[in-house]
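Here's the letter readout for the chains.
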Amino acid sequence: MSNGTTDTSSGTMIAGRLNVETGTFAMKEVPIPEPGPGFVRVRVGAAGVCLSDVHLIQGLLRPQFLKGSEVTLGHEVAGTVDLPGAGVTSVAPGDRVVVQAGYEHNGVTLTMGVDYDGGWAEYLVVPAGVLVPLGEDIPFDQASIIPDAVSTPWGAIASTADVRAGEAVGVWGIGGLGAHGVQLLRLIGAAPIIAVDPIPEARERALEFGADIALDPMAEDFSAAMKAATGGRGLDVALDFAGVDAVRSQAINCLGLRGRLVLVGLSGKPMTINDSTGFSYARKQIRGHYGSEAHHVPQLVSLTRLGRLDFAKSVSARIPLADAEAAVKALDAKEGNPIRLVLIP
Ligand SMILES: NC(=O)c1ccc[n+]([C@@H]2O[C@H](COP(=O)([O-])OP(=O)(O)OC[C@H]3O[C@@H](n4cnc5c(N)ncnc54)[C@H](O)[C@@H]3O)[C@@H](O)[C@H]2O)c1
Ligand SMILES: [Zn+2]
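Residues numbered from 1 in each chain as written. Chains lettered and ligands numbered in written order. Predicted model: local features only at pLDDT ≥ 70, side-chain atom pairs only at ≥ 80, totals over all residues. Heavy atoms only, no water.

Caption draft 1: Representation of the overall build of the protein chain in the model. In terms of helices and strands, the protein chain carries 10 helices and 18 strands. Taken over the C-alpha trace, the protein chain has a radius of gyration of 20 Å; the compact-globule value for 345 residues is 20 Å, and the two agree within 12%. In the protein chain, which comprises 345 residues, the share counted as buried stands at 54%. Within the protein chain, counting contacts between residues at least 6 apart in sequence, those at least 24 apart form 72% of the total. (Helix = DSSP H or I, 4+ residues; strand = E, 2+ residues; numbered from the N terminus. Rg over C-alpha atoms; globule rule 2.2 N^0.38 Å. Buried < 20%, exposed > 50% of the residue type's maximum accessible area, 1.4 Å probe, protein only. Contact = heavy atoms within 4.5 Å.)

Caption draft 2: View of the side chain of Asp 236. Within the secondary structure, Asp 236 is located in strand β14 (residues 235-240). It is Arg 233 that comes nearest to the buried, bridge-free Asp 236 among opposite-charge side chains, at 4.2 Å. A distance of 2.8 Å separates the side chain of Asp 236 from the backbone nitrogen of Ala 168, its partner in a polar contact. Excluding its chain neighbours within four sequence positions, the residues that come into contact with Asp 236 are Glu 167, Ala 168, Arg 258, Gly 259 and Arg 260. (Lys, Arg positive; Asp, Glu negative; His and termini not counted. Salt bridge = Lys/Arg side-chain N within 4 Å of Asp/Glu carboxyl O. Polar contact = N/O pair within 3.5 Å; in protein donor to acceptor, adjacent residues only side chain to side chain.)

Caption draft 3: Examining the sheet that holds strand β13 (residues 213-215) more closely. With respect to topology, 6 strands assemble into an open sheet ordered β13-β12-β11-β14-β15-β16, the strand pairing being parallel. Two strands lie at the open edges of the sheet, namely β13 and β16 (285-288), each paired on one side alone. Going across the sheet, the axis of each strand differs from the next one's by a mean of 20°, ignoring polarity. Sheet contacts for helix α7 (residues 245-254): β11 (169-172), β12 (193-196), β14, β15 (255-263) and β16; angle to β15, the most-contacted strand, approximately 155°. (Pairing = 2+ DSSP bridges. Axes fitted to C-alpha atoms, helices over the stretch in contact; angles between N-to-C directions.)

Caption draft 4: Molecular detail of the coordination of the zinc ion (ligand 2). Protein-derived coordination of the zinc ion (ligand 2) comes from Cys 50 (SG), His 75 (NE2) and Asp 148 (OD), at a distance range of 1.9 to 2.3 Å. Along the chain, the residues donating to the zinc ion (ligand 2) fall in the pattern C-x24-H-x72-D. Placement of Cys 50 in the loop between β3 (39-49) and α1 (51-58) and of Asp 148 in helix α3 (residues 146-160) is noted, with a sequence separation of 98 residues between them. Per residue, the accessibility class of Cys 50 equals that of Asp 148, and both read buried. (Donors = N, O, S within 2.8 Å, 3.2 Å for Na, K, Ca; no water.)

Caption draft 5: The nonpolar core, seen in detail. Grouped together as the largest cluster of nonpolar side chains are 46 residues, with contacts concentrated most on Val 171, Leu 185 and Leu 239. Looking at this core, the elements that each hand over two or more residues are α3, β11, α4 (176-188), β12, α5 (200-208), β14, α9 (296-305) and β18 (340-344). The residues that make up this core include at least three from each of domain 1 (12-145 + 311-344) and domain 2 (151-288). Counting 39 residues, the second largest nonpolar core, distinct from the first, contains Val 77, Val 97, Leu 110 and Leu 341. (Core = buried A, V, L, I, M, F, W, Y, C linked by side-chain atoms within 4.5 Å. Domains from an automatic or database assignment.)

Caption draft 6: Local environment of the pairing of β18. Most of β18 sits out of view: 5 of its 5 residues are buried. Residue alternation in β18 divides its side chains into two sets, Arg 340, Val 342 and Ile 344 and Leu 341 and Leu 343, and both sets are buried. As paired strands, β3 and β18 are joined by 3 bridges and run antiparallel to one another. Along β18, the bridge assignment pairs Val 49 with Leu 341. In this structure, strand β17 (residues 315-320) lies alongside β18, joined through 5 bridges in parallel fashion. Within the sheet, the bridge partner assigned to Ala 317 lies in β18 and is Leu 341. Between the parallel pair β17 and β18, the chain is carried across by helix α10 (residues 324-333), and the sense of this crossover is right-handed. (Right-handed = clockwise from strand over helix to strand, strands pointing away.)

Caption draft 7: Seen up close, the domain arrangement of the protein chain. For the protein chain, the assigned domains are domain 1 (12-145 + 311-344) and domain 2 (151-288). The junction of domain 1 with domain 2 conceals about 1,100 Å² of combined surface from both sides, 61% of it contributed by carbon and sulfur atoms. On inspection of domain 1 and its partner domain 2, the count reaches 1 salt bridge. The partner of Glu 208 in a salt bridge is Lys 313, with the nearest N and O atoms 3.4 Å apart. One can count 6 residue pairs in polar contact (both at pLDDT 80 or more) joining domain 1 with domain 2. For the side of domain 1 that touches domain 2, the element with the highest residue contribution is α1, accounting for 3 residues. (Buried area = accessible area lost by both parts, 1.4 Å probe.)

Caption draft 8: Spatial organisation of the environment of Gly 234. For Gly 234, the position within the fold is in the loop between α6 (222-229) and β14. Once the C-alpha coordinates of Gly 234 and Ala 128 are considered, the two residues, 106 residues apart in sequence, prove to be 45 Å apart. Those residues within four positions of Gly 234 in sequence are excluded, and the remaining contacts are Ala 168, Cys 254, Leu 255 and Gly 256.

Caption draft 9: Examining the UniProt feature "domain: Enoyl reductase (ER)" (unreviewed entry) in the protein chain more closely. In the UniProt entry, the feature "domain: Enoyl reductase (ER)" (unreviewed entry) is given for residues 23-343. Helix makes up 29% of residues 23-343 and strand makes up 28%, while its end C-alpha atoms are separated by 21 Å. (UniProt positions renumbered as here; feature names shortened; annotations may be inferred.)

Caption draft 10: Region of interest: the packing of aromatic side chains. Tallied over the entire structure, the rule returns 3 aromatic pairs. One Lys or Arg, Arg 41, reaches over the ring of Tyr 123 and ends 5.5 Å from the middle of that ring. (Phe/Tyr/Trp six-rings, centres within 6.5 Å; stacked < 30°, edge-to-face > 60°. Lys NZ or Arg CZ within 6 Å of the ring centre and 35° of its normal.)

Caption draft 11: Highlighting the sheet that holds strand β4 (residues 70-72). Read across the open sheet, the 3 strands follow the order β2-β1-β4; overall the sheet is antiparallel. Each of the sheet's edge strands pairs with one partner strand only, and the pair in question is β2 (24-31) and β4. Going from strand to strand, the sheet's axes swing by 45° on average, the running direction of each strand aside. Sheet topology places strand β1 (residues 12-19) next to β4; 3 bridges connect them, and they run antiparallel. When the sheet's bridge partners are listed, Leu 18 is paired in β4 with Val 71.

As structure tokens, this is what we get:
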């Protein structure tokens, strides 16, 4: 393993590689990548594990723009600039950075750790434009989850759903994305914030993070409780942070007049609107959401440095990179009800 000062040009590193043809995930020894012009090599400080990684390994999600059949997973990364490629002047070796999870290229969105090699590795190479300066005060494990576990709900709330202060918002799924969604809704003044999750510990943490009420989606009195919580009006916004089919029909039913459902969870399955006439009468909307816009991660880094956000409780465990497979299994099985598990090279 390199400490960043040794010669890495001829070295190798370990990386968590998924073969998308066979569905096999394994730690492999691979060459340390070289940055071409305009690209930067980053030494990974920490990398988060997302349910999308589980979906990718299970074959529920498939890369659309991957060249070849193997990719290093990991789209939540913070670390240190190791080697800027030719022409890069925006960062210098030693700079602490977070890495945006993707970028637009030739009219399509490429996602790191999906369409090109990501951060479940000791090093990764990315375009200079995706690096966001971190400063000295946010530790790498907390910073790594900002792109995605925090920025995706922030993009969904602030842009796609366009949530306004005072609006009633339901949040389905209080895992990595949803636990941050609740904090961000609190920040921008949504009220009431109604958290929905079948796991009691997830409901408890929702209340701790600022939800007004937390409901069990399986409870018999769920609809009545939701109605009561919104004074009979229904939700202005429903956010799907679960990626579970049942959430969508339940959430559509909870929407009030002009209510909008934002699909963040990725299930890969078709969805049906049962009461399509009621959907039209109430002028409901369903909006798709993916990732975040370029300004969202810098905004969140700034909000964190100003003390408006704190991710000290978000990192449920720091797991050695070599044990990535165990981390994936733990997230899938909800062992210890993690918010985010973070891999440390
Ligand atoms: N659109 C995007 O840009 C984007 C980005 C990241 C993740 N995702 C997707 O978002 C989803 C959530 O990811 P995560 O990493 O936060 O997952 P997670 O596993 O950390 O959390 C999911 C939560 O959903 C809860 N849940 C399960 N069934 C439920 C139900 N019926 N009602 C309410 N809650 C239920 C689980 O108990 C868990 O707490 C996944 O589908 C993931 O692929 C989408
Ligand atoms: Zn993700």
